[in-house]
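Examination of the molecular architecture
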Amino acid sequence: MKKIAIIGASYLQEPVVLKAKEMGLYTICFAWADGATCANICDKFYDISIIEKEQILHVCQQEKIDGITTIASDTAILTVNYVASHMGLVSNPYVYSKICTNKYLMRQCFMENNIPSPLFTIADEKDGYDINGFSFPLIVKPTDRSGSRGVEKVVRIEDLNDAVKRACNESFEHKAIIEEFISGCEISVESISFEGHHNILQITDKVTTGAPYFVELEHHQPSSLPDDIKERVRMIVLEALDALHIMYGASHSELKITDDGIIKVIEIGARMGGDFIGSNLVPLSTGYDFVKGVIEIALGQYTPPDLSLKKHSGVYFLCKETEKLLPVIENYKQYPEIIEARITDTELRNIECSGDRSGYLIYQSLEKFNIEKQ
C-alpha cells in the first residue's frame, strides 16, 4: 500500500484525507493536535507543527512515504516542497516556495515579469513605509497569511498606521504589504499543472463583505464574465504561473477586473483554493475530481482533466451579514439544488476574517442558485 503524507489536519484537509483513503492509500497527517479533525480519520497522525519541516522530513523518511501534499494551506506549501525535494518526490521547486507564500516577494516577481498587478510597497512596525506616489484608498494585508486575515481597506492616512500594525500582528514575519486599491469584480482561477503544463479548470466569481475587511461571502462557478475577458484572464494566469515556477499540482489565482476591463493579478497560491472552491465546486461544475488529481500528481501520476460536465455550483457563507441564509440552511433538504449545508457555530458574528463565519450551503444547479429568490 502506497503512503501519502498530508501537511495539515484541520477540516480543510478532510477532503484530501478521505479521497486518499478512497483511493486505497495509507494516509499520514502532520499538525498540532488542537483542531486536528483529520486525526480521527487518517491512518496515522503526528502531533507536529506544519512549520517543523526538518522534523517532518525525518518522520517521512522513516515512514518511506510515496508522496506528500496539502490543500488550502499556504503555510504548509513550504514544508511540502522541502520534504519532497529532499526525498526525490514530486513537488514544485523548493527554491521558489517563498515566492508563492509571501505576497511581497510575489509582487516583486510579477513586476519583474510584466504580470499586471497593483502598485505595492512593504511595511513593518519598526522601519515604517514609503507611500510616495500612492493614492488613497489603499489595501493593507499581512505578507504571509490567507483567509482575509489582517486585510483592511484604508481611506485616510490617519488610519494607515493602525492598519499596518494590525496586519503586522497577524503576519508570521511581522510585515505587511501596502497596495493600491483596485475597484471592480473579484474572481479566482482554479488550475492544475504537471511538468509545467497548466490546465485551467474553472473561473470563479466572488462576493465579499466589501470594505474594510473584504471577507468572502459567496463563490459561484462558472464565472459570468464575457468570453473575451475570460480568455484574457486565462492568458495572464498562464504567464503568472510560469513566472512563479509553479510546475506541479493545484493553483488558485485571485484577480480583480475594473469596470474598464483592466485585469490585475492580486495573488496566486500554489495550492487548491479554500472555501470549498477546489474540493467541492470544481467537481460539481466541471465533473473533474480535483482532489484526486492533486493526489495523483503527488504520486507522480497524471491524467489530463475531463471537463465535460457543464453545470453551475457555488457556496454561500453564514454570518451576521448573511443571517437571511439561516432558515435556508436549517431547511436545506427542501431545496433540490443544495448538496450540503451546515451550521458550524450557533453565534452569528460580524466578520473580520473567514474564521468568523458560522456555516455554509453548497449548491449545484443548471443556473446560478440565487438565494434572494428563495
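Residues numbered from 1 in each chain as written. Predicted model: local features only at pLDDT ≥ 70, side-chain atom pairs only at ≥ 80, totals over all residues. Heavy atoms only, no water.

Some remarks on the packing of aromatic side chains
Under the convention used in this document: Centre distance within 6.5 Å is the pairing criterion for rings of Phe, Tyr and Trp, where only the six-membered ring of Trp is used; planes under 30 degrees apart are then read as stacked, over 60 as edge-to-face, and the remainder as tilted. Numbering of helices and strands runs from the N terminus, with a helix taken as a DSSP run of H or I at least four residues long and a strand as a DSSP run of E at least two residues long. Throughout this description, buried means an accessible area under 20% of the type-specific maximum (1.4 Å probe, protein chains only), exposed means over 50%, and partly exposed covers the range between. Any Lys NZ or Arg CZ found within 6 Å of a ring centre and within 35 degrees of that ring's normal is scored as a charge over the ring.
Applying the stated rule across the entire model yields 12 aromatic pairs. The interplanar angle of 40 degrees and the centroid separation of 4.4 Å between the aromatic rings of Phe276 and Tyr360 together place this pair among those described as tilted. On the criterion of sequence distance, the pair formed by Phe276 in the loop between strand 13 (263-269) and helix 8 (277-286) and Tyr360 in strand 16 (residues 359-365) is long-range, its members being 84 residues apart. In terms of burial, Phe276 and Tyr360 fall into one category: buried. A centroid spacing of 6.2 Å and a plane angle of 35 degrees characterise the contact between Tyr316 and Tyr363, whose relative ring orientation is tilted. Linking Tyr316 in strand 14 (residues 312-318) with Tyr363 in strand 16, this pair joins segments that are 47 residues apart in sequence. Assessed through its relative accessible area of 3%, Tyr316 is described here as buried. By relative accessible area, which is 0% here, Tyr363 ends up buried. Three or more aromatic residues joined by ring pairs form one cluster here, namely Tyr316, Tyr335, Tyr363 and Phe369. One Lys or Arg, Lys53, reaches over the ring of Tyr82 and ends 5.5 Å from the middle of that ring.

A closer look at helix 3 (residues 74-87)
Keep this limit in mind: Under the convention used throughout, the expected extent of a helix is 1.5 Å for every residue step, that is, one less than its residue count. The contact definition used throughout considers only heavy atoms, calling two residues in contact when any of these lie within 4.5 Å. Definition of a polar contact: a pair of N or O atoms within 3.5 Å, with one able to donate and the other able to accept a hydrogen when the atoms are protein atoms, and with sequence-neighbouring residues admitted only if both atoms are side-chain atoms.
With 14 residues, helix 3 should reach 20 Å at 1.5 Å per residue; the first-to-last C-alpha distance of 21 Å fits that figure. For helix 3, the complete set of buried residues consists of Asp74, Ala76, Ile77, Thr79, Val80, Asn81, Tyr82, Val83 and Ala84. For helix 3, the secondary structure elements touched by its buried residues are strand 1 (3-7), helix 2 (53-63), strand 4 (67-69), helix 4 (97-101) and strand 13. Capping the start of helix 3, Ser73 holds a side-chain oxygen 3.2 Å from the backbone nitrogen of Ala76, two or three residues further along. At the C-terminal side of helix 3, Gly88 shows a positive phi close to 70 degrees.

Observations concerning the pattern of salt bridges
Let me state the cut-off plainly: Salt bridge criterion: a side-chain nitrogen from Lys or Arg within 4 Å of a carboxyl oxygen from Asp or Glu.
Evaluation of the coordinates by the stated rule reveals 20 salt bridges. Across the salt bridge formed by Lys3 and Glu63, the nearest N and O atoms sit 3.1 Å from each other. With Lys3 in strand 1 and Glu63 in helix 2, this residue pair connects regions lying 60 residues apart in the sequence. For Glu267, the salt bridge is made with Lys141, and the minimal N-O distance between the two is 3.9 Å.

With respect to the pairing of strand 12 (residues 249-257)
Selection rule: For two strands to count as paired, DSSP must find a minimum of two bridges between them.
Most of strand 12 is tucked away: 9 of the 9 residues are buried. Direction of pairing for strand 9 (residues 185-194) relative to strand 12: antiparallel, over a ladder of 9 bridges. Across the sheet, residue Glu186 finds its bridge partner in strand 12, namely Lys256. Across 6 bridges, strand 12 lies against strand 13 in antiparallel orientation. The residue bridging Lys256 from the neighbouring strand is Lys264, located in strand 13. Counting the residues between successive antiparallel strands, the hairpin from strand 12 to strand 13 contains 5 residues, one of them, Gly261, with a positive phi of roughly 85 degrees.

Considerations on the sheet that holds strand 1
To keep it simple, the criterion reads: Throughout, an axis means a line fitted to C-alpha atoms (over the contacting stretch in the case of helices), and angles, computed between N-to-C directions, take values from 0 to 180 degrees.
Strand order in the open sheet formed by 4 strands is 3-2-1-4, and the pairing between neighbours is parallel. Single-partner strands in this sheet number two, and they are strand 3 (44-47) and strand 4. Adjacent strand axes in the sheet meet at a mean angle of 20 degrees when their direction is disregarded. Here strand 1 pairs with strand 2 (residues 26-31) via 5 bridges, running parallel. Residue pairing across strands places Lys3 opposite Tyr26, the latter belonging to strand 2. Set on the sheet, helix 2 makes contact with strand 1, strand 2 and strand 3; between it and strand 2 the angle comes to about 165 degrees. On top of the sheet, helix 9 (residues 290-298) reaches strand 1 and strand 4; it is set at about 135 degrees to strand 4, its chief contact.

Focus on the packing of helix 1 (residues 14-22) against helix 9
What counts is decided by this rule: Between 65 and 115 degrees an angle is taken as roughly perpendicular, under 35 as roughly parallel, over 145 as roughly antiparallel, and anywhere else as oblique. Residues are grouped as follows: nonpolar covers Ala, Val, Leu, Ile, Met, Phe, Trp, Tyr, Cys and Pro; charged covers Asp, Glu, Lys and Arg; every other residue, Gly included, is treated as polar.
Look at helix 1 against helix 9: their axes get within 9 Å of each other, and the N-to-C directions meet at 70 degrees. One way to sum up the angle between helix 1 and helix 9 is to call them roughly perpendicular. Contact with helix 1, carried on its side by Pro15, Val16, Lys19 and Ala20, involves Val291, Lys292 and Ile295 of helix 9 and no other residues of that element. When its residues are assigned to classes, the contact of helix 1 with helix 9 shows 5 nonpolar, no polar and 2 charged.

Some details on the environment of Gly128
Locating Gly128 in the fold gives a position in the loop between strand 5 (120-124) and strand 6 (138-142). On the basis of relative accessible area, Gly128 is assigned to the partly exposed category, the value being 27%. Along the sequence, Gly128 and Ala84 sit 44 residues apart, while their C-alpha atoms lie 37 Å from each other.

With respect to the sheet that holds strand 8 (residues 175-180)
Read from one edge of the open sheet, 4 strands run 5-8-6-7, paired in antiparallel fashion. Strands with a single pairing partner mark the edges of an open sheet, and in this sheet they are strand 5 and strand 7 (152-154). With strand direction ignored, the average angle separating the axes of adjacent strands in the sheet is 30 degrees. Bridging between strand 5 and strand 8 involves 5 bridges; their strand directions are antiparallel. Counterpart to Asp124 in the pairing with strand 8 is Lys175. Running over the sheet, helix 5 (residues 103-112) touches strand 5, strand 6 and strand 8 and is turned about 155 degrees from strand 5. Most of the contacts of helix 6 (residues 160-170) go to strand 6, to which it runs at about 25 degrees, and overall it touches strand 5, strand 6, strand 7 and strand 8.

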